[in-house]
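Residue-level structure breakdown
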Amino acid sequence: GPTMAFKDVGARFMARCLGYFNRNNDAEVTVLVATSGDTGGAVASGFLGVKGVRVVILYPSGKVSDVQEKQLTTLGQNITALEVDGTFDDCQDMVKKAFLDVDLTSQLELTSANSINVARWLPQMFYFMFAYKQLKALKKPLVFSVPSGNFGNICAGMVAQKMGFPIAHFIASNNANNVVTRYLDTNSYDPYPSVQTISNAMDVGNPSNFIRIQALYDNDINILKSNLSSYSFSDNETKTALKTIYSNSGYIADPHGAVGYLGAKTYLTNHPNVQTVFLETAHPTKFLDVVKDTISVDIALPPQIQLVIDQQKKAILIENYDEFKAFMLKF
Ligand SMILES: *Cc1c(COP(=O)(O)O)cnc(C)c1O
């Protein structure tokens, strides 16, 4: 898709749904979105020029890659970027607070384009179905390793499983932001603030879809554990995986896909008879510095990235919720 991440499919589906359902509505809808990197660009591109919709993107200053920042700050038109002095969790908290703030909701028609909105990830069920279609002839139990941040993508797989798709097991592959890995190890859900990693789209301290996953498995941790394993990997392990994948197959993964690969590998050591699939969630050029430093290979910039990289960044600095609110009231 236009931003070279798996989120393009869901963001475009949601944008067109909103445009359609809003076609006879004169009031403008304001879409609020917090991003740890990729969501902002995919949503901005999906909603660009959609009639009756304005998009406000909050992103953590200095914590997204150059390409990601360009993708969400250069489009103009109905897209506004707010650069927040804080972490992704701060951005997400501001968005959630805005939805409960009567001063804002009485004046603006707000909606979310984060994966708290199911329209964003329901279409992602197709990824799992498509993999099944290609692999069913192997007649092996199918296990998906999903590099997870807010747990929307893996939730889509789980809904597909609930609908009857023969998916044997899921692996939530995490970077150092590993609240779910720890939960499955200790039975205690204990979120920490997010920490910065080289797979920044997964730098989420408290994944907003996890509550849905618990509900899908009857809020029973034992049922959950029979369907879900979770592992956490460091940046160093991720870099080593990038090298291994490249030297074994010539495939250039991105850091998120590499975390997914590590999860699949780890699961296979104790379950050698399953077929694992790891999801690759973005193109490596979105994380050019890390990938180039790790496997010293030249990657040609795809045309859609070339298009934004030389554009001028436009963003408004925001330090706290009050500033955000003041901006929204004037917006
Ligand atoms: C968003 C994103 C993820 C995490 O997906 P979730 O649905 O939030 O779990 C993983 N990798 C990349 C590249 C992403 O952009």
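Before any of the text, the structure's been laid out above.
Attention here is on the structure that accompanies the text. Please read these numbers as outputs of a predicted model, since none were measured by experiment.

A few words on the sheet that holds strand 7 (residues 228-232). As a general point, the strands of a sheet are linked pairwise by backbone hydrogen bonds and lie either parallel or antiparallel. Spatially, the 4 strands line up as an open sheet ordered 7-6-5-8, and their pairing is parallel. One side of each edge strand has no neighbouring strand; the edge strands of this open sheet are strand 7 and strand 8 (275-278). Recorded for the sheet is a direction-independent mean angle of 20° between the axes of neighbouring strands. In terms of strand pairing, strand 6 (residues 167-174) meets strand 7 through 5 bridges, oriented parallel.

With that settled, the discussion passes to helix 12 (residues 255-270). Its 16 residues give helix 12 an end-to-end C-alpha distance of 24 Å, which sits within 8% of 22 Å, the value for a rise of 1.5 Å per residue. Taken as a whole, helix 12 has its buried residues at Pro255, His256, Gly257, Ala258, Val259, Gly260, Tyr261, Leu262, Gly263, Ala264 and Tyr267. Those residues of helix 12 that are buried are in contact with strand 5 (142-147), strand 6, strand 7, helix 11 (235-249), strand 8 and helix 13 (288-295).

Taking burial as the measure, the 8 residues of helix 3 (residues 66-73) include 6 buried ones, the bulk of the element. Looking only at helix 3, the buried set comprises Val67, Gln68, Glu69, Gln71, Leu72 and Thr73. Buried positions along helix 3 lie against helix 2 (38-47), strand 2 (53-60), strand 3 (79-84) and helix 14 (303-309).

Neighbouring the ligand are 15 residues, the closest being Lys7, Asp38, Gly149, Asn150 and Thr281. Between an oxygen atom of the ligand and a side-chain N or O atom of Asp38, the distance comes to 2.6 Å. Asn153 is positioned with one of its backbone polar atoms (N or O) 2.8 Å from an oxygen atom of the ligand. Coverage of the ligand by the protein amounts to 96% of the 380 Å² it exposes when considered alone.

This next bit is on the environment of His283. In this fold, His283 is placed in the loop between strand 8 and helix 13. Considering only alpha carbons, one finds His283 and Ala98, 185 residues apart in sequence, at a separation of 32 Å. Ignoring sequence-local partners within four residues, the contact set of His283 consists of Met4, Asp254, Ile299 and Pro302. A distance of 2.8 Å separates polar atoms of two side chains, one belonging to His283 and the other to Thr285.

The next point concerns the sheet that holds strand 3. Read from one edge of the open sheet, 5 strands run 4-1-2-3-9, paired in parallel fashion. Here the strands that pair on one side only, and so sit at the sheet edges, are strand 4 (109-112) and strand 9 (316-318). Strand after strand, the sheet turns through a mean of 30° between neighbouring axes, direction not considered. Where strand 2 and strand 3 come together, 6 bridges link them in parallel fashion. Residue pairing for strand 3: Tyr59 is matched across the bridge by Glu83. Contacts from helix 4 (residues 88-99) reach strand 1 (29-34), strand 2, strand 3, strand 4 and strand 9, with the element oriented near 150° to strand 1.

Moving on to the side chain of Ser112. Tracing the backbone shows Ser112 in strand 4. Residue Ser112 is classed as buried on the basis of its relative accessible area of 7%. Within the structure, the side chain of Ser112 is placed 3.0 Å from the backbone nitrogen of Asn114, a separation counted as a polar contact. Once residues within four sequence positions are removed from consideration, Ser112 is found in contact with Met14, Val31, Leu32, Phe99 and Asn117.

Another aspect to go through is the pattern of salt bridges. Side-chain pairs of opposite charge can arise whenever the charged atoms involved come near each other. Under the definition given, this model contains 7 salt bridges. Residues joined by salt bridges that share partners form a network here, namely Glu69, Glu83 and Lys313.

A full pass over the atoms with the stated rule returns 12 aromatic pairs. Arranged with centres 6.3 Å apart and planes meeting at 75°, the rings of Phe6 and Tyr127 form a pair that is edge-to-face. Residue Phe6 is found in the segment before helix 1 (7-21), and its partner Tyr127 is found in helix 6 (residues 125-135); the two are separated by 121 residues along the sequence. Take Tyr127: its relative accessible area is 23%, and that puts it in the partly exposed class. Seen in terms of ring centroids, Tyr189 and Phe210 are 5.5 Å apart; in terms of plane orientation they differ by 5°. Their pairing is stacked. One end of the pair, Tyr189, is in the loop between helix 8 (179-186) and helix 9 (210-216); the other, Phe210, is in helix 9, and 21 residues separate them in sequence. Each member of the aromatic cluster is reached from another via a ring pair, and the members are Phe151, Tyr183, Tyr189 and Phe210. Positioned above the aromatic ring of Tyr192 is the side chain of Arg182, whose terminal nitrogen or guanidinium carbon lies 3.8 Å from the ring centre.

Here we take up the environment of Asp85. Checked against the element boundaries, Asp85 lands in the loop between strand 3 and helix 4. Along the backbone, Asp85 and Tyr59 are 26 residues apart, and their C-alpha atoms lie at a distance of 8.7 Å. Contacts of Asp85, omitting those with residues within four sequence positions, involve Ile318 and Glu319.

This next bit is on the side chain of His169. With respect to the helices, strands and loops of the structure, His169 is situated in strand 6. Polar contacts involving the side chain of His169 include one to the main-chain carbonyl oxygen of Ser226, which spans 3.2 Å. His169 has contacts with Leu142, Val143, Phe144, Lys225, Ser226, Asn227, Leu228, Ser229 and Tyr267, leaving out every residue within four places of it along the chain.

Thresholds, definitions, all that
- Residues numbered from 1 in each chain as written.
- Predicted model: local features only at pLDDT ≥ 70, side-chain atom pairs only at ≥ 80, totals over all residues.
- Heavy atoms only, no water.
- Pairing = 2+ DSSP bridges.
- Helix = DSSP H or I, 4+ residues; strand = E, 2+ residues; numbered from the N terminus.
- Axes fitted to C-alpha atoms, helices over the stretch in contact; angles between N-to-C directions.
- Expected span 1.5 Å × (residues − 1).
- Buried < 20%, exposed > 50% of the residue type's maximum accessible area, 1.4 Å probe, protein only.
- Contact = heavy atoms within 4.5 Å.
- Near = heavy atom within 4 Å.
- Polar contact = N/O pair within 3.5 Å; in protein donor to acceptor, adjacent residues only side chain to side chain.
- Areas by Shrake-Rupley, 256 points an atom, 1.4 Å probe, with all protein chains shown as cover.
- Salt bridge = Lys/Arg side-chain N within 4 Å of Asp/Glu carboxyl O.
- Phe/Tyr/Trp six-rings, centres within 6.5 Å; stacked < 30°, edge-to-face > 60°.
- Lys NZ or Arg CZ within 6 Å of the ring centre and 35° of its normal.

The analysis is restricted to geometry; functional conclusions fall outside its scope.
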